[in-house]
Amino acid sequence: MRRIHVGNALSAFGLGFTVPYLYVYVAQVRGLGSMTAGLVLAVFAVAALIVLPFAGRAIVRRGPLPVLLAALVSAALGSLSLGLAGNATAVLLAAAALGAGQAVMQPALATMIVDCSTADTRSRAFATQFFLQNLGLGVGGLIGGHLVDTTRVSSFTLLFAIEAAMFLVLVAVMATVRMPHSPRMEDAPVPSARGGWKQLLGNRAMVQLSVLGFVLFFACYGQFESGLSAFGVEAAGISTSALGTALAANTLMIVVAQFAVLKFVERRRRSRVIAAVGLIWAVAWVAAGYAGLGHGSQEMATAAFVSTYALFGLGEAMLSPTVAPLVADLAPEGMAGQYNSAFALVKQLALAVGPAVGGPMGASLHAPYIVTFLLFSLGITALALRLGRRLTDVQDQPWLRTSRVVARGEAPAESLAA
């Protein structure tokens, strides 16, 4: 588990180096124009949508570790190629390799966490993962910002080379991991990929969680760097430096609050925690609305806008030990990889659609934008409460596993084995 968490931190650190500067690199430094830069960002999403339906099946049949190693090699090659690419075709191909590798890493690492944790430790494991990811992204972006120079291509080549090196270091770290459960081909519980997806779609609770997940990612993550930032600049007059402060407030809230929040949510119903996140995000959208539509001073508008991002961070900290473990608990034995990949696919769909819808609305339809996403946040609360009625007691309250064993006077499996 320690190696897995180191891997999460390293990959996030590498991504933080390059992701904030990708558009500038392609459009300005390489001189390929804004259209090519936009296509590069689209290729990331398309590559993820193509590979994720197959990633789950590969994880089930081969185990998460070989799939993760293949994804890391693909990401390293894509990153290094991006730093060396000088024309549009090379840039797009490199972005496809990097995007596919990044997308597959998520469900592979999540499945490794599931395999290396117990029901009692899983929430804390996923909270630690989320904490380290945000810390790595923040530190990587901060250091990368001091290394880049838009007048020198070599500074960006260095960034992409460092990112590639992080992925290769992670290959070396992960190669030393010995997983407690590594499915072989003949152990695969489903005879075909179609059968695996049919079984997943027949799980009503997982379908409802996927719908809820789409709304979560659409209404939050899909707006951070598109609709919400456009709204802040156009409607609230937020400066670029204030926008950077807002993003930093989001990361700082996650880093500071993650483990305090974990203690609060560990003994709460998962469905009600998610419902509470919807209410918190509704307050965040009200704050954003005040920043852009209110008649206060610019200082008040800026403070409200920064508070919006901080409130989103609080909700994210509550979700990290809740949603991913719930996906794992809904998966039948041996199918965690399929379920993690399906949920990652839902996330990518939301991240692709969210900016396309929110960007134009945030830039021009200011009041409808706030009202729309305020309603989406309240919809999260309604969907979460509805999901709670579909979950079993143990899925919604995982600590009942331990209390029921104690109540019946049963010995833990490890003691029986001993």
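These numbers come from a predicted model, not from an experiment. (Residues numbered from 1 in each chain as written. Predicted model: local features only at pLDDT ≥ 70, side-chain atom pairs only at ≥ 80, totals over all residues. Heavy atoms only, no water.)

Trainee: How should I be thinking about the overall build of the protein chain in this particular structure?
Mentor: Counting secondary structure elements, the protein chain contains 19 helices and zero strands. Its C-alpha atoms give the protein chain a radius of gyration of 21 Å, within 12% of the compact-globule value 22 Å for 418 residues. Dimensions of the protein chain along its principal axes, counting C-alpha atoms only, are 65 × 50 × 35 Å. In the protein chain, once contacts between residues fewer than 6 apart in sequence are set aside, the share between residues at least 24 apart is 85%. Within the structure as shown, the protein chain displays about 17900 Å² of accessible surface, and the carbon and sulfur contribution to it stands at 66%. (Helix = DSSP H or I, 4+ residues; strand = E, 2+ residues; numbered from the N terminus. Rg over C-alpha atoms; globule rule 2.2 N^0.38 Å. Contact = heavy atoms within 4.5 Å. Areas by Shrake-Rupley, 256 points an atom, 1.4 Å probe, with all protein chains shown as cover.)

Trainee: Help me out: how do you make sense of the side chain of asparagine 134 in this one?
Mentor: Mapping asparagine 134 onto the fold places it in helix H6 (residues 122–147). A relative accessible area of 10% means that asparagine 134 is categorised as buried. In this structure the side chain of asparagine 134 is engaged in a polar contact, spanning 2.9 Å, whose partner is the backbone oxygen of phenylalanine 130. (Buried < 20%, exposed > 50% of the residue type's maximum accessible area, 1.4 Å probe, protein only. Polar contact = N/O pair within 3.5 Å; in protein donor to acceptor, adjacent residues only side chain to side chain.)

Trainee: Could you clarify how one ought to interpret the pattern of salt bridges in this entry?
Mentor: Side-chain pairs of opposite charge can arise whenever the charged atoms involved come near each other. In the structure shown here, the tally under the stated rule is four salt bridges. Where arginine 122 meets aspartate 329, a salt bridge forms, and the shortest distance between an N and an O atom there is 3.3 Å. Residue arginine 122 is found in helix H6, and its partner aspartate 329 is found in helix H14 (residues 323–330); the two are separated by 207 residues along the sequence. Like aspartate 329, arginine 122 is buried. Given the relative accessible area of 14%, aspartate 329 is considered buried. If you follow the salt bridges from partner to partner, you end up with Arg122, Arg270 and Asp329 in one network. (Salt bridge = Lys/Arg side-chain N within 4 Å of Asp/Glu carboxyl O.)

Trainee: Would you mind going over the nonpolar core with me for this structure?
Mentor: Leu209 and Trp281 are the most contacted members of the largest nonpolar core, which has 63 residues in total. Not counting residues within four places of it along the chain, the set of residues in contact with tryptophan 281 comprises Leu216, Cys220, Leu311, Phe312, Gly315, Glu316, Leu319, Ser377 and Ile380. Counting residues in each nonpolar core, the second largest holds 51 residues, with Met105, Phe156, Met179 and Ala328 among its members. (Core = buried A, V, L, I, M, F, W, Y, C linked by side-chain atoms within 4.5 Å.)

Trainee: So what exactly am I meant to see when it comes to the packing of H6 against H14 here?
Mentor: Two numbers describe a pair of packed helices, the interaxial angle and the distance between the axes. It is the contact of H6 with H14, at a shortest axis distance of 8 Å, that shows an interaxial angle of 135°. Between H6 and H14, the angle falls in the class oblique. Where H6 crosses over H14, the two elements pack in a sense that is right-handed. Across from Arg122, Ser123 and Phe126 in H6, the residues of H14 making contact are Ala324, Pro325, Ala328 and Asp329. Among the residues forming the contact of H6 with H14, the class breakdown is four nonpolar, one polar and two charged. (Axes fitted to C-alpha atoms, helices over the stretch in contact; angles between N-to-C directions. Parallel < 35°, antiparallel > 145°, perpendicular 65-115°, else oblique. Left-handed = near helix turned anticlockwise from the far one by under 90°. Nonpolar A, V, L, I, M, F, W, Y, C, P; charged D, E, K, R; others polar.)

Trainee: Just checking my understanding: could you explain the side chain of arginine 122 for this structure?
Mentor: Assessed through its relative accessible area of 11%, arginine 122 is described here as buried. A polar side-chain atom of arginine 122 sits 3.3 Å from the main-chain carbonyl oxygen of valine 114. A distance of 3.1 Å separates a polar atom in the side chain of arginine 122 from a polar atom in the side chain of serine 117.

Trainee: Would you take a moment to explain the packing of aromatic side chains for this structure?
Mentor: A ring pair, where both rings are aromatic, is described by two values, the distance of the centres and the angle of the planes. As enumerated under the stated definition, the model contains 16 aromatic pairs in all. Counting every residue linked through ring pairs, the aromatic cluster contains Phe214, Phe218, Phe231, Trp281, Trp285, Phe312, Tyr369, Phe373 and Phe376. Lying over the aromatic face of phenylalanine 264, arginine 268 brings its terminal NZ or CZ to 4.2 Å of the ring centre. One residue, lysine 347, lies across the ring of tyrosine 221, its end atom 5.9 Å from the ring centre. (Phe/Tyr/Trp six-rings, centres within 6.5 Å; stacked < 30°, edge-to-face > 60°. Lys NZ or Arg CZ within 6 Å of the ring centre and 35° of its normal.)

Trainee: What exactly am I supposed to notice about a positive patch on the surface here?
Mentor: Judged by side-chain charge, Arg204, Arg386, Arg389 and Arg390 come together as a positively charged surface patch. In terms of residue count, helix H16 (residues 366–390) provides more of the positive patch than any other element does, three residues in total. Inspection of the secondary structure puts arginine 390 in helix H16. (Patch = residues over 30% accessible without salt bridge, like charges linked within 9 Å, V, L, I, M, F, W, Y side chains within 5 Å. Lys, Arg positive; Asp, Glu negative; His and termini not counted. Charge placed at Lys NZ, Arg CZ, Asp CG, Glu CD.)

Trainee: What's the story with the confidence of the model for the protein chain in this structure? I'm lost.
Mentor: Low pLDDT marks stretches whose predicted atomic positions should not be read closely. Mean pLDDT for the protein chain: 83, with 91% of residues reaching 70 or above. Confidence drops under a pLDDT of 50 for residues 182–192, and excluding neighbours within four residues, the segment shows 24 contacts in the predicted structure. Contacts for the low-pLDDT stretch residues 405–418, under 50 throughout, to residues beyond four places or in other chains number two contacts. (pLDDT = per-residue confidence, 0-100.)

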